[in-house]
Amino acid sequence: MALLPPLKLKAKLALEALLRLSLGCTLAALLPPCALLLRAPSRRAFLLCATACGLAFFLLSFQVHEKHLLLPLLPAALLSTEHPRAYAWFALLAAFSMFPLLARDGLRLAYSVCQLAFGALAAALTPPMEVGGSATAGGLL
């Protein structure tokens with residue numbers, strides 16, 4: 001678990017303490033979306049909860065692999081009809097996190113072409129995101 005890269009928790013805490021810290025942080029991140037889902041269950045709430053729980057496990061688990069970011073990508077894909085450009089950015093960032101794995105397998109060129117093609121298609125085919133009723137300049141906010 002890395003809170004800040006210069007702050008090496010492995011050097012400051014015992015392994016058991018790191019495991020407990022990671023467990024506590026993960027459970028703390030899981031409670032709000034699950035509580036909201038139990039309070040007002042719906043299809044949309046379930047998909048938001050599944051996405052939030054997947055991100056909590058990716059961000060706060062003790063041992064994480066780059067491929068674990070693909071788990072919250074699935075429920076987010078089912079929500080993509082509501083915010084297609086936000087999903088496109090999420091998918092691009094998820095694929096970016098897997099670059100070291102693909103580079104190790106010699107797939108730099110294929111990765112780059114696919115990322116550029118997906119980014120161009122997403123920019124061309126999705127409407128800009130709206131904040132407060134008006135479209136933002138780049139659709140990023």
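Refer to the structure above for everything that follows.
These figures come from a predicted structure and were not determined experimentally.

Right, let's get into the packing of helix α4 (residues 70-78) against helix α5 (residues 84-97). One can describe the packing of α4 onto α5 by two numbers: an axis separation of 10 Å at closest approach and a directional angle of 160°. What the angle tells us is that α4 and α5 run roughly antiparallel. Between α4 and α5 lies a crossing of left-handed hand. Packed against α4, whose contacting residues are P72, L73, A76 and A77, the element α5 presents Y87, F90, A91 and A94 at the interface.

Proximity of charged atoms lets side chains of opposite charge pair with each other. This model, assessed by the stated rule, comprises 2 salt bridges. In this structure, R20 and E16 form a salt bridge, with 2.8 Å as the shortest nitrogen-oxygen distance. Here E16 and R20 lie together in helix α2 (residues 15-39), a separation of 4 residues that amounts to about one turn. Notably, a salt bridge pairs R44 with E82, separated by 2.8 Å at the nearest N-O pair. Placement of the pair is R44 in helix α3 (residues 43-60) and E82 in the loop between α4 and α5, with a sequence separation of 38 residues. Overall, the relative accessible area of 43% leaves R44 in the partly exposed class. Given a relative accessible area of 37%, E82 falls into the partly exposed group.

The rules behind each value
- Residue numbering note: each chain is counted from 1, following its sequence as written.
- With pLDDT at 70 or above as the cut-off, local features in this predicted model cover only qualifying residues; side-chain atom pairs require 80 or more to be listed or tallied, and sums for whole chains, interfaces and linings still use all residues.
- In computing side-chain properties, one takes all heavy atoms of the structure into account and sets aside hydrogens as well as water.
- Angles run from 0 to 180 degrees between N-to-C directions of axes, and those axes are lines fitted to C-alpha atoms, restricted for helices to the stretch in contact.
- The helix count covers DSSP runs of H or I at least four residues long, the strand count covers runs of E at least two residues long, and both are numbered beginning at the N terminus.
- Here roughly perpendicular refers to angles of 65 to 115 degrees, roughly parallel to angles under 35, roughly antiparallel to angles over 145, and oblique to all remaining angles.
- Here is the rule for handedness: rotate from the far helix to the near one, and if that takes an anticlockwise turn smaller than a right angle the crossing is left-handed, while a clockwise turn gives right-handed.
- Contact definition: two residues touch when any of their heavy atoms are within 4.5 Å.
- Note on definitions: salt bridges are taken to be side-chain nitrogens of Lys or Arg within 4 Å of carboxyl oxygens of Asp or Glu.
- The buried label goes to any residue with under 20% of its type's maximum accessible area, the exposed label to any with over 50%, and the partly exposed label to all in between, with areas taken from a 1.4 Å probe on protein chains only.

These figures capture arrangement, not role.
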